[in-house]
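Letter by letter, the chains look like this.
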Amino acid sequence: MLWCRRVRERGMEAFKERLAFSWERQVPQCGFVESAGADLRVPECDEVWAYLSTGRTLHDLASVAKGLDHKGKTLPAGCWTVRDESAQTGVLGYANVNEDLAICGEPSLIKLNLEPRAVLSYRNGKPTGKPQVLLNYAPVAREAWKLKATLDEKGRALTSRFVAIRPKPGGPGALYLWAIMNSPVANAFAYDHLGKRDIRIGTMRKMPVPARSPAHETPIEQAALRYRQLATSAGPLFSGASAPDAVKRALLEMDAAVLGAYDLPPRLERQLLDLFAGVERKGVGCEFRGYYPPGLDAYVPLHELISEDYARSTLGRFREAPRTVSPDVLAALRTAAEAYGEE
DNA sequence: AGCTTATAAGCACATATTGG
DNA sequence: CCAATATGTGCTTATAAGCT
């Protein structure tokens, strides 16, 4: 066995002060010498990825490829590549991820020159007219929330700053893929398997996806529609004071629907979600910095955590994870609760 | 089959931005 | 103001596809 210890960027202060590691784990040495191409990095959620390793991957559900590259040095003199949206020539499409892009929104529209003399490589860059998901090629943050997937119903042209994720025939549609790509699972996978530079498609194709089942797909799509509806209508013009809460709740429900489909053991689901503790989630239309309140250590699955019953019950955390609390303690808590007139 | 051309994936370089 | 780091562009190279 080898000790594997990691100091994450946000853990550097703690390391300097008291040599604290952000993460540590003993891993078997044999995995590193099995083959010449073995990856020496150990993902933080390695148990999660091991658990999901036998299922389907994104590659099974969708065509995943970058958008087009224009020519540079070899571009003919006077030939244009990208122009303003209002230009008379060219094809409408997407060239860059704008800083304020929301996952329910659409990247800035622009005119692209798709003529062969202007293009070095098309890949998935040509317009299809069919719904697709656009994924950022450059991470939107250094920390765990790196992905911003947007839904492009029109199937427009795109440059290599985006990855087009296109549903395969017979598989789930773009809305489902959109929800999956914005989920904590996809973001954790990216965080665990990529460096800080690019969202590499060879890696993302290997991302585990939930088993095929209408019992998963319907709730995910419904939750996705609900969140999209709330998040796109909750601008400053419309919102009352409670609107952001409703948006956040809908987002949590979408996450919970996706997580439910992955069906992780509670301990692993908790391990995965803890990756996002205190981390800003950009472009989601609400303030989002983690799932579990500080001090709540039990393995409460997300769908239980956000259920009304759980939120209302002060004893919830103990009742949902009775194995972590001795019967005596539970009994004592019940007595105490009764003494205060609850239940 | 063996050679030639095309494509995809990842990365290298150049420029921009940030921080000391 | 300079050095370090981040970001955008499009180039390089390995592999696949096409061709004779």
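What counts as what
Along every chain, residues carry numbers that run from 1 in the direction the sequence is written. Each chain gets a letter, beginning with A, and each ligand a number, beginning with 1, in the order they are written. Only residues with pLDDT of 70 or above have their local features reported here, since the model is predicted, and side-chain atom pairs are shown and tallied only from 80 upward, although totals for entire chains, interfaces and linings are computed over all residues. Values reported for side chains reflect all heavy atoms of the structure, with hydrogen atoms and water molecules removed beforehand. A strand pair is defined by DSSP finding two or more bridges across the two strands. Secondary structure elements follow DSSP: runs of H or I of four or more residues count as helices, runs of E of two or more count as strands, with numbering from the N terminus. Each patch is built from residues lacking any salt bridge and having more than 30% relative accessible area; the joining distance is 9 Å for like charges and 5 Å for nonpolar side chains (Val, Leu, Ile, Met, Phe, Trp, Tyr). Methods summary: accessible areas were calculated by the Shrake-Rupley approach with a probe of 1.4 Å, and residue burial reflects only the protein chains presented. The term salt bridge refers to a side-chain nitrogen of Lys or Arg lying within 4 Å of a carboxyl oxygen of Asp or Glu. Relative accessibility decides the category of a residue: with a 1.4 Å probe and only protein chains considered, values under 20% of the type maximum give buried, values over 50% give exposed, and everything between is partly exposed. Consider each residue's heavy atoms; a residue with any of them within 4 Å of a molecule or strand counts as near. Each polar contact in these results corresponds to two N or O atoms within 3.5 Å; when the atoms are within protein, one needs to be able to donate a hydrogen and the other to accept it, and residues that are neighboring in sequence are counted only if both atoms are side-chain atoms. Under the convention adopted here, Pro, Cys and the residues Ala, Val, Leu, Ile, Met, Phe, Trp and Tyr are nonpolar, Asp, Glu, Lys and Arg are charged, and Gly plus all remaining residues are polar. Inter-axis angles, ranging from 0 to 180 degrees, are taken between N-to-C directions of lines fitted to C-alpha atoms, where helices are fitted over the stretch in contact. Angles below 35 degrees are treated as roughly parallel, those above 145 as roughly antiparallel, those between 65 and 115 as roughly perpendicular, and all remaining angles as oblique. In this description, contact between two residues means that some pair of their heavy atoms is separated by no more than 4.5 Å. Pairing of aromatic side chains here covers Phe, Tyr and the six-membered ring of Trp, requires ring centres within 6.5 Å, and sorts the geometry by plane angle: under 30 degrees stacked, over 60 edge-to-face, intermediate tilted. Here, a charge over a ring means that NZ of Lys or CZ of Arg falls within 6 Å of the ring centre while also lying within 35 degrees of the ring normal. For this analysis, a nonpolar core means a set of buried residues of the types Ala, Val, Leu, Ile, Met, Phe, Trp, Tyr and Cys, connected via side-chain atoms within 4.5 Å.

1. Thoughts on the sheet that holds strand 11 (residues 157–158)
Then, number 1: If you trace the 4 strands from one edge of the open sheet to the other, you get 5-7-6-11, paired in mixed fashion. A strand with exactly one partner marks an edge of an open sheet, and here the two such strands are strand 5 (82–83) and strand 11.
Then, number 2: Sheet topology places strand 6 (residues 91–94) next to strand 7 (residues 109–112); 4 bridges connect them, and they run antiparallel. Within strand 7, the residue paired with Val91 across the bridge is Leu112.

2. Some remarks on a nonpolar patch on the surface
Then, number 1: On the surface, Val7, Met12, Phe15, Leu19 and Phe21 cluster together into a nonpolar patch covering about 430 Å² of accessible area.
Then, number 2: Its location among the elements puts Val7 in the loop between strand 1 (2–6) and helix 1 (12–18).

3. Topic: unusual backbone geometry
Then, number 1: In this model, Arg123 sits at a positive phi of 45 degrees, which is unusual for a non-glycine residue.
Then, number 2: Within the element layout of this structure, Arg123 appears in the loop between strand 8 (119–121) and strand 9 (132–136).
Then, number 3: Here Arg123 falls in the partly exposed class, since its relative accessible area comes to 39%.
Then, number 4: One non-glycine residue, Asp263, lies in the positive phi region at around 55 degrees.
Then, number 5: When you line up the elements, Asp263 lands in the loop between helix 9 (243–262) and helix 10 (266–274).

4. A few points about the protein's contact with DNA strand C
Then, number 1: Not every one of the 13 residues close to DNA strand C is listed here, only the nearest: Asp69, Arg142, Arg161, Lys196 and Arg197.
Then, number 2: In the model, a phosphate oxygen of DNA strand C is placed 3.2 Å from a nitrogen or oxygen of the Gly72 main chain.
Then, number 3: Lys73 has a polar backbone atom sitting 2.8 Å from a phosphate oxygen of DNA strand C.
Then, number 4: Split by residue class, the surface near DNA strand C holds 1 nonpolar, 4 polar and 8 charged.

5. Notes on the protein's contact with DNA strand B
Then, number 1: Taken together, Lys66, Ser121, Arg123, Tyr137, Arg197, Asp198, Arg200, Ile201, Gly202 and Arg205 form the complete shell of residues around DNA strand B.
Then, number 2: The contact atoms of DNA strand B, taken as those within 4 Å of the protein, divide so that sugar and phosphate hold 33%.
Then, number 3: Between DNA strand B and Arg197, the relevant distance is 3.5 Å, taken from a base nitrogen to a side-chain nitrogen or oxygen of the residue.
Then, number 4: At a separation of 2.5 Å, a phosphate oxygen of DNA strand B approaches a polar side-chain atom of Arg205.

6. Considering the packing of helix 5 (residues 174–181) against helix 8 (residues 214–233)
Then, number 1: Where helix 5 contacts helix 8, the axes come no closer than 9 Å and their chain directions differ by 80 degrees. Of the possible angle classes, the one that applies to helix 5 and helix 8 is roughly perpendicular. Two secondary-structure elements touch here, helix 5 through Leu175, Tyr176, Trp178 and Ala179 and helix 8 through Glu217, Ile220, Glu221, Ala224, Leu225, Tyr227 and Arg228.
Then, number 2: Of the residues in the contact of helix 5 with helix 8, the class split is 8 nonpolar, no polar and 3 charged.

7. Section: the packing of aromatic side chains
Then, number 1: Across all of its chains, the model carries 8 aromatic pairs by this definition.
Then, number 2: Note on Trp145 and Phe288: the rings are 6.0 Å apart at their centroids and 85 degrees apart in plane angle, and the pair reads as edge-to-face. One end of the pair, Trp145, is in the loop between strand 9 and strand 10 (149–152); the other, Phe288, is in the loop between helix 10 and helix 11 (302–305), with 143 residues separating them in the sequence.
Then, number 3: Accessibility expressed as a relative area gives 1% for Phe288, which makes it buried.
Then, number 4: Connected via pairs of aromatic rings, a cluster forms that spans Trp145, Phe276, Phe288 and Tyr291.
Then, number 5: Above the face of the Tyr137 ring, Lys66 is positioned so that its terminal group lies 4.4 Å from the ring centre.
Then, number 6: Here the basic side chain of Lys248 rests over the ring of Phe288, its NZ or CZ set 5.4 Å away from the ring centre.

8. Considering the nonpolar core
Then, number 1: Among the nonpolar cores identified, the biggest contains 74 residues, and Ile165, Trp178, Met181, Met207 and Tyr227 are the most heavily contacted of them.
Then, number 2: In terms of residue count, helix 9 provides more of this core than any other element does, 11 residues in total.
Then, number 3: Those residues in contact with Met181, other than ones at most four positions away along the chain, are Leu58, Leu135, Leu147, Ala149, Ile165, Ala186, Asn187, Met204 and Met207.

9. A short note on the sheet that holds strand 3 (residues 62–66)
Then, number 1: Spatially, the 4 strands line up as an open sheet ordered 3-12-9-10, and their pairing is antiparallel. The sheet is open, and its two edges are formed by strand 3 and strand 10, each paired on a single side. Averaged over neighbouring strand pairs, the angle between their axes works out to 25 degrees when direction is ignored.
Then, number 2: Of the pairings in the sheet, the one linking strand 9 to strand 12 (residues 162–167) comprises 4 bridges and is antiparallel in character. Directly across from Asn136, in strand 12, lies its bridge partner Phe162.

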